[in-house]
Amino acid sequence: MAASGEEEDVMARYRSPLVSRYASAEMAYNFSERKKFGTWRRLWLYLAQAEQSLGLSITDEQIREMEANLDNIDFKMAGEEEKKLRHDVMAHVHTFAHCCPKAAAIIHLGATSCYVGDNTDLIVLRDGFNLLLPKLARVISRLANFAEKYADMPALGFTHYQPAQLTTVGKRCCLWIQDLCMDLQNLERARDDLRFRGVKGTTGTQASFLQLFEGDHRKVEELDRLVTTKAGFKRAYMVTGQTYSRKVDIGVLAVLASLGASIHKICTDIRLLANLKEIEEPFEKDQIGSSAMPYKRNPMRSERCCSLARHLMTLVMDPLQTAAVQWFERTLDDSANRRVCLAEAFLTADIILSTLQNVSEGLVVYPKDCHEKIRVLSQQAAAVVKQQGGDNDFIARVRADPYFSPIHKQLESLLDPSSFTGRAPQQVAKFLKEEVRPALIPYQSEMGGKIELAL
């Protein structure tokens, strides 16, 4: 069947797979043009409301007209205006004014482009964190349930990817959880540390607003406070240039990159365990592991997480370099870079969290494989295998040796792998009770529901 003209047009253009293939609808919307420009209009409304309350000549009718047209955005007109003016903010000022003719004169009154641009970015970053945090909490919750279930199951430990002392499946999972709990705290802190740019003017001096209020410093400070509160922030940065400090973006992307490192490590462990036939990620009934090898069960979800996590970890280099080259009150070479790296960081984090939740809800453990490997290695029979090339016959040798006859009846219990796992089960129980479950309390209402991946 031939594609329609519109479908064909879409297929002829590059689309980021972060949105077209992977990301959740809510995170894709958070970085959408509609969210961005709708927020610009709300910020213009907040500014007008605050300026009116402080005595500027702005009427209730003008305010009502703005309120009625917050989402009435003519994107075609805005695009045409931007081509003509070469200025995105003024294009949208004109477009908003077109549907608010009575309020046209007071839209953007006293403000600079970064009033809407930077403040919107801060709102979007905050909202992005609010979308990620419950997803991260769900992953931790699912892994905590898994750790609790397998707290006592012995598993061969590895150091340097060489067989080492025993641990348990649940204890190993707690190592993953502990890293993710650190990420949860880091994301919460980064979100809570965000401040509003506020109402600061062209170079951050608030000169235009001081002029509007005829030199009244108190009113300028109150204007800044009022708009900050309306936007849902508790604090604004006390000093800014034309923009908020680009070090803020470093802090945001650094915690997301750290989350990426955690998830990469977890999913690499799962991939290695899949090869050892100890643990596998969920495998759908009709899923194909390989077109040529139908017996394969590739850990494709974990591989996807690792692939995207690598991208997420590299993105922090963008704001590091951007902050380093901001000249004086600002340069515009940050703009195009930030359009890409900020959105991609949150979209990528969103994707890998959703994928890891899917993995953690369906992890399959194979106890017999674990047990046989443990039984061989826990008796330190490697010398027989490595030096003589023979089968491991340590147990047979013990049974055949009269010297060990006093313990032959106890041999099975002595060979029980759980006797070699130390306090791993107790550590799991204490860790989950005292550290993990309390950290998840703020997200309890969002803990339910499994996730299914579309692709």
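Structure: see above.
What counts and what doesn't
- Residues numbered from 1 in each chain as written.
- Predicted model: local features only at pLDDT ≥ 70, side-chain atom pairs only at ≥ 80, totals over all residues.
- Heavy atoms only, no water.
- Helix = DSSP H or I, 4+ residues; strand = E, 2+ residues; numbered from the N terminus.
- Buried < 20%, exposed > 50% of the residue type's maximum accessible area, 1.4 Å probe, protein only.
- Lys, Arg positive; Asp, Glu negative; His and termini not counted.
- Salt bridge = Lys/Arg side-chain N within 4 Å of Asp/Glu carboxyl O.
- 1 Å grid on protein atoms, 1.4 Å probe; cavity = no way out; pocket = protein on both sides within 12 Å on 5 of 7 lines; lining within 4 Å.
- Points joined across faces, edges and corners; volume = space filled by probe spheres on them.
- Pairing = 2+ DSSP bridges.
- Core = buried A, V, L, I, M, F, W, Y, C linked by side-chain atoms within 4.5 Å.
- Contact = heavy atoms within 4.5 Å.
- Phe/Tyr/Trp six-rings, centres within 6.5 Å; stacked < 30°, edge-to-face > 60°.
- Lys NZ or Arg CZ within 6 Å of the ring centre and 35° of its normal.
- Axes fitted to C-alpha atoms, helices over the stretch in contact; angles between N-to-C directions.
- Parallel < 35°, antiparallel > 145°, perpendicular 65-115°, else oblique.
- Left-handed = near helix turned anticlockwise from the far one by under 90°.
- Nonpolar A, V, L, I, M, F, W, Y, C, P; charged D, E, K, R; others polar.

Trainee: Teacher, can you tell me more about the side chain of Lys36 here?
Mentor: Position of Lys36 among the secondary structure elements: in helix 4 (residues 33-53). Buried charge without a partner: Lys36 forms no salt bridge, and the closest opposite charge is Asp88, 4.5 Å away.

Trainee: It is not clear to me how the layout of surface pockets should be interpreted in this structure. Could you clarify?
Mentor: Rolled over the atoms, a probe sized like a water molecule indicates the empty space that remains. Taken as a whole, the largest pocket holds about 970 Å³ of empty space. The wall of the largest pocket is formed by 35 residues, among which Lys36, Asp88, Asp121, Ser335 and Arg339 lie closest to the centre. Each pocket or cavity is described by its volume, and for the second largest pocket that value is around 330 Å³. Around the second largest pocket sit 14 residues that line it, and Phe158, Arg172, Leu175, Lys265 and Asp269 are the ones nearest its centre. Contributions of two or more residues to the lining of the second largest pocket are made by strand 1 (154-159), strand 2 (162-168), helix 9 (169-193) and helix 12 (247-275).

Trainee: Can you help me understand the pairing of strand 2 in this one?
Mentor: Remark: a regular strand shows side chains that alternate across the two faces of the sheet. Of the pairings in the sheet, the one linking strand 1 to strand 2 comprises 5 bridges and is antiparallel in character. Bridge pairing in strand 2 links Thr159 to Gln162. Connecting strand 1 to the antiparallel partner strand 2 that follows it, the hairpin turn spans 2 residues, and His160 within it adopts a positive phi of roughly 60 degrees.

Trainee: Sorry, what's going on with the nonpolar core here?
Mentor: One broad rule of soluble globular proteins: the nonpolar side chains tend to lie buried together. One finds Trp44, Tyr115, Ile177, Leu180 and Leu256 to be the most contacted residues of the largest nonpolar core, which totals 115 residues. When near neighbours in sequence (up to four residues on either side) are disregarded, Trp44 contacts Met66, Val89, His92, Val93, Phe96, Ile107, His108, Tyr115 and Val116.

Trainee: Please explain the packing of aromatic side chains as it appears in this structure.
Mentor: To describe a pair of aromatic rings, one takes the distance between the centres and the angle between the planes. With the rule as written, the count across this model stands at 10 aromatic pairs. Ring geometry for Trp40 against Trp44: centres 6.2 Å apart, planes inclined by 70 degrees, an arrangement best described as edge-to-face. Pair noted here: Trp40 and Trp44 are both in helix 4, with a separation of 4 residues, about one helical turn. An identical accessibility class is assigned to Trp40 and Trp44; each is buried. Ring geometry for Phe146 versus Tyr150: centroids 4.9 Å apart, planes at 50 degrees, classification tilted. Counting every residue linked through ring pairs, the aromatic cluster contains Phe37, Trp40, Trp44, Phe75 and Phe96. Lying over the aromatic face of Tyr244, Arg246 brings its terminal NZ or CZ to 4.7 Å of the ring centre.

Trainee: Any chance you could explain the packing of helix 13 (residues 300-314) against helix 15 (residues 335-360) here in plain terms?
Mentor: Two packed helices can be described by the angle between their axes and the distance between those axes. At a minimum axis separation of 9 Å, helix 13 and helix 15 run at an interaxial angle of 160 degrees. The angle between the axes of helix 13 and helix 15 places the two elements in the roughly antiparallel class. When you trace helix 13 past helix 15, the crossing you get is left-handed. Of the residues in helix 15, those in contact with Arg301, Ser302, Arg304, Cys305, Leu308, Ala309, His311 and Leu312 of helix 13 are Glu344, Ala345, Thr348, Ala349, Ile351, Ile352, Thr355, Leu356, Asn358 and Val359. A class-by-class count of the residues in the contact of helix 13 with helix 15 yields 10 nonpolar, 5 polar and 3 charged.

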